[in-house]
Structures are given as structure tokens and as C-alpha cells.
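Notes for the structure review
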Amino acid sequence: MIKELIISSPGRINLIGEHTDYNDGYVLPAAIDKRIYMRLSINGTKTTCRIKSKGFDTVLIADLFSLKPGTESWHNYVLGVLHELQLLTQGLKGFDCEMHTDVPVGSGVSSSAALECGLAYGLNELFELGLDNWQIIKLSQRAEHNFVGTKCGIMDQFSSVMGKKDHTMLLDCQSLEFEYIPTKLSPYVILMLNTNVTHNLATSGYNTRREESASGLKIVADHFGTKNSFRDISLEMIEECKAMLGDVRYKRCTYVLEENRRVLTAAEALKRNDLMALGEILYNSHKGQSQKYEVSCAELDFLVEFSKEFKEILGSRMVGGGFGGCTLNIIHEDAVEGYVERVSMAYEKTFGINLSHFVSVPSDGTTIIKQTNEAESK
Ligand code: GLA
């Protein structure tokens, strides 16, 4: 029997395919080397769970029989996962958890999925609940819907669990089929620039975007009598419904189809190692996010524009839900240091905010890094 586990669960980046996951689309993400670490052990109680997060003074104490959303935001990710596990299995009992994270929070690299998936994965192992990876991915997504209130797609949880070192993943979010694409960009690297503007997806328009694109799709699908899926409509059909859609829904719907097309083109470029073409697509993607889906902000736009002056940077765009967080930049490895210095100065001068950065490497998904069994610990 397992007594104690240490779990490592990653955040994610997304090369391209933003706000397409909940719109029947494609995404091209990777798990990263920024991770959350959790020590999990059975505490011998029937229902008492004690969770301590480094950096917070208080310990979250939860009773498995009375789980409801709390007021502190990180609590809800934990409570939501416990709630979903309780609905799915009978095997959960009291446990202790200590965690610390190096995934920047609120930065568009999904610290939340790292937490949800790490906890779900770890408890599944600790209590031998018998869930498979897809069950872990989907229950973690439901935790976010039901306890946090963000109606997120599947990309983040999928990436955190399924990530593979040196690979991105082309995921079809409709069929859930996916393929690993080798992603060694050398001599280029993926530089993440963090605006340090924190967003809250639930309140900053994420759910609104989701509603706008869904209602736009329905207008077009109803008009043509097709299935209610972005896979079953075309840009021409959207064009024909332009007046019915109105400006906002028209922009949301065209963005989705264009971004889906860009993901597939980007995946092809990556496969033939055409990084120039990939970079160009990233710039176009950002333009769509900024002007059509309207999920960017002044700070992100500034960073993307700034990068265009540098030939060592092949492409740049915002990552994740938007309204702050990070830009992803494909940059020559020799240029990183000098560029970070210049862009940080310019950013601080314009916004009075410190820019932070990290270089990101496609990494493995959620894993056990240490396991102690009953007998061994005596
Ligand atoms: C957040 C959500 C994802 C996805 C992105 C935008 O990270 O959790 O499901 O929708 O935003 O692409």
C-alpha cells in the first residue's frame, strides 16, 4: 500500500490555438518545466483533508462529506477536485497535502490546471481509485466549471496531464484525438514575458467570450440547418449571416474559424521545421486575439509590437485566456539576454510595471517523483 507520494504537475504554454478549445477547435500546447509539487499522505482519518500551500499561512481543512465552494480562490480548485472525485468514486479518505509551486499564478500558463491535475492524479494513485488519464483531465475541468466558475475548455488540463518532453501536442478538441509533434526549436527558444498584469478569467470576460461565440454559432447553424458545431460552418456562411450576427458575434465567429486554420498550418510548419512560417502565424494569431476576439490588453499588445523590431524574434503572441499574463516569443537563444534587458526597460517606462521572464521547455506531464510504500516506511 502506498503511504506517501510526491507529485510534480506542470503548467502549460500554447504555441497557438487560443479560445478554440471550447469552440470545437484545435490547439497546439505543451506542458512546461514550471511545476507544482505536492506531498500527499494518508492521514488515517475517514474524511478530514488538510492542505497546506507554501506561501499561505492558513491550512485548508476540508471534510469530504461537506464540500462546498469557499471564498479563497486557490481553495476552490482543491475543493472542486475533491468534490468531483467524491462524485466519481467511493475510495477517497482523509489525507494531508503540502504543496509549493513555481508556476507563475494568473499569468496565462495555467497554474490552476497544474494544481487540479496534480491533486486529482496524486489522490487517484494514493487511494488506488482506478481512474484513467482522461477521467482525471475531465474531472479537473469540471472542478473549475463547478467550484471556480470559469467555463474553461479542455486544453489546460489535457496539457498538464499528457505533456511529453520536447513535444507539443496537436489536439482536436472535438474528437479528443491528438498527436505529439517533436518540438526542438534550437537555436531558437520559447521566451515567456510576463506582463505581471493579473487577470481573473471568471470576471474578465472569458465566460462572455464563450457565450458570444456560442450564440453566434447557433445563429449561423440555425440559418443553414447544420449541426451546431464550428466544424460544420464556413467563413462564407458566417459572411452571409453578418447582419444577423451583429458586429461582436461576427468578429468572434470569424476569429474561431481563422484561428483553427492557423493551428493546422502552424502544426505543418512545425513538422517541417519552418520556424519563419510558424513565427508569422503567431503574429497573425495575436492580431486576431487582439482585434477580433478582443482578449488582449495594452500591455500584451505593447510587448508583441515591440518584438517586431527584432529580427532575432520570429513570432510573438499572447498566451492563455488573455486580459494579461504572458506573451510567448520565439527568439534566437543568443538574443534572449539583450532583448529581455531592452524590452524590460521599455515596458517599465511605459507602464511603470516590472516585466518578468522565463525560458520555457516542452516537458513531461503530471508524474510521481517519489513514492513510499507502507512496508518501506516502517
Ligand atoms: C484558459 C482556459 C483554456 C483555454 C484558454 C484560451 O487557459 O482554461 O481552456 O480556453 O484560456 O485558449
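Heads up: the structure comes first, above all this text.
Quick look at the structure, then. Only a predicted model underlies this, so the values are computations on that prediction, with no experimental measurement involved. (Residues numbered from 1 in each chain as written. Predicted model: local features only at pLDDT ≥ 70, side-chain atom pairs only at ≥ 80, totals over all residues. Heavy atoms only, no water.)

Turning our attention to helix α5 (residues 206-224). Counted at 1.5 Å a residue, the expected span for α5 with its 19 residues is 27 Å, and the 28 Å between its end C-alpha atoms agrees. Listed as buried for α5 are Tyr 206, Asn 207, Arg 209, Glu 212, Ser 213, Gly 216, Leu 217, Val 220 and Ala 221. Contacts from the buried residues of α5 go to α6 (235-240) and α7 (242-271). One or two steps after α5, the chain reaches Gly 225, where phi turns positive at roughly 65°. (Helix = DSSP H or I, 4+ residues; strand = E, 2+ residues; numbered from the N terminus. Expected span 1.5 Å × (residues − 1). Buried < 20%, exposed > 50% of the residue type's maximum accessible area, 1.4 Å probe, protein only. Contact = heavy atoms within 4.5 Å.)

Moving on, we come to the environment of His 83. Tracing the backbone shows His 83 in helix α1 (residues 73-88). Here His 83 falls in the partly exposed class, since its relative accessible area comes to 23%. Sequence separation of His 83 and Phe 147 is 64 residues, and the distance between their C-alpha atoms is 8.8 Å. Among residues more than four places away in sequence, those in contact with His 83 are Leu 67 and Phe 147.

For the rest of this paragraph, the subject is the packing of helix α2 (residues 111-126) against helix α4 (residues 155-162). At a minimum axis distance of 9 Å, the contact between α2 and α4 shows a crossing angle of 55°. In terms of their interaxial angle, α2 and α4 are classed as oblique. At the point where α2 passes α4, the crossing takes the right-handed sense. The residues of α4 that touch α2, namely those facing Ala 113, Ala 114, Glu 116 and Cys 117, are Asp 156, Gln 157, Ser 160 and Val 161. Looking at the contact of α2 with α4 residue by residue, the class counts come to four nonpolar, two polar and two charged. (Axes fitted to C-alpha atoms, helices over the stretch in contact; angles between N-to-C directions. Parallel < 35°, antiparallel > 145°, perpendicular 65-115°, else oblique. Left-handed = near helix turned anticlockwise from the far one by under 90°. Nonpolar A, V, L, I, M, F, W, Y, C, P; charged D, E, K, R; others polar.)

Here we take up the sheet that holds strand β9 (residues 188-194). Pairing in this open sheet of four strands is antiparallel, and the strands run β10-β11-β9-β12 from one edge to the other. Two strands lie at the open edges of the sheet, namely β10 (313-318) and β12 (356-360), each paired on one side alone. This sheet shows a mean twist of 20° between the axes of neighbouring strands, independent of strand direction. In the sheet, β10 pairs with strand β11 (residues 326-332) via five bridges, with the strands oriented antiparallel. Opposite Met 318, over in β11, you have Thr 327 as the bridge partner. Contacting β9, β10 and β11, helix α9 (residues 298-307) runs over the sheet at an angle of about 170° to β10. (Pairing = 2+ DSSP bridges.)

What follows deals with the pattern of salt bridges. All told, the structure shown has 21 salt bridges when counted by the stated rule. One salt bridge in this structure joins Lys 184 and Asp 166, with 3.9 Å as the shortest N-O distance. With Lys 184 in the loop between β8 (178-182) and β9 and Asp 166 in the loop between α4 and β7 (167-172), this pair connects stretches of sequence that are 18 residues apart. (Salt bridge = Lys/Arg side-chain N within 4 Å of Asp/Glu carboxyl O.)

A word on the sheet that holds β7. Here we have three strands laid out as an open sheet, ordered β2-β7-β8, and antiparallel in their pairing. Only two strands of the sheet have a single neighbouring strand rather than two, namely β2 (26-27) and β8. Across two bridges, the pairing between β2 and β7 is antiparallel. Along β7, the bridge assignment pairs Tyr 26 with Asp 172. Along the sheet face, α4 touches β2, β7 and β8 and points at about 140° away from the line of β7.

Once that is clear, we can look at the site of the ligand. Close contacts around the ligand come from 13 residues, with Glu 18, His 19, Asp 21, Asp 156 and Tyr 206 the closest. Between the ligand and Asp 156 there is a distance of 2.6 Å, counted from an oxygen atom to a side-chain nitrogen or oxygen. Interatomic distance of 3.3 Å between a backbone N/O atom of Gly 321 and an oxygen atom of the ligand. Within the complex, 98% of the 310 Å² of free accessible area of the ligand lies under protein. Class assignment of the residues belonging to the shell around the ligand gives a composition of five nonpolar, four polar and four charged. (Near = heavy atom within 4 Å. Polar contact = N/O pair within 3.5 Å; in protein donor to acceptor, adjacent residues only side chain to side chain. Areas by Shrake-Rupley, 256 points an atom, 1.4 Å probe, with all protein chains shown as cover.)

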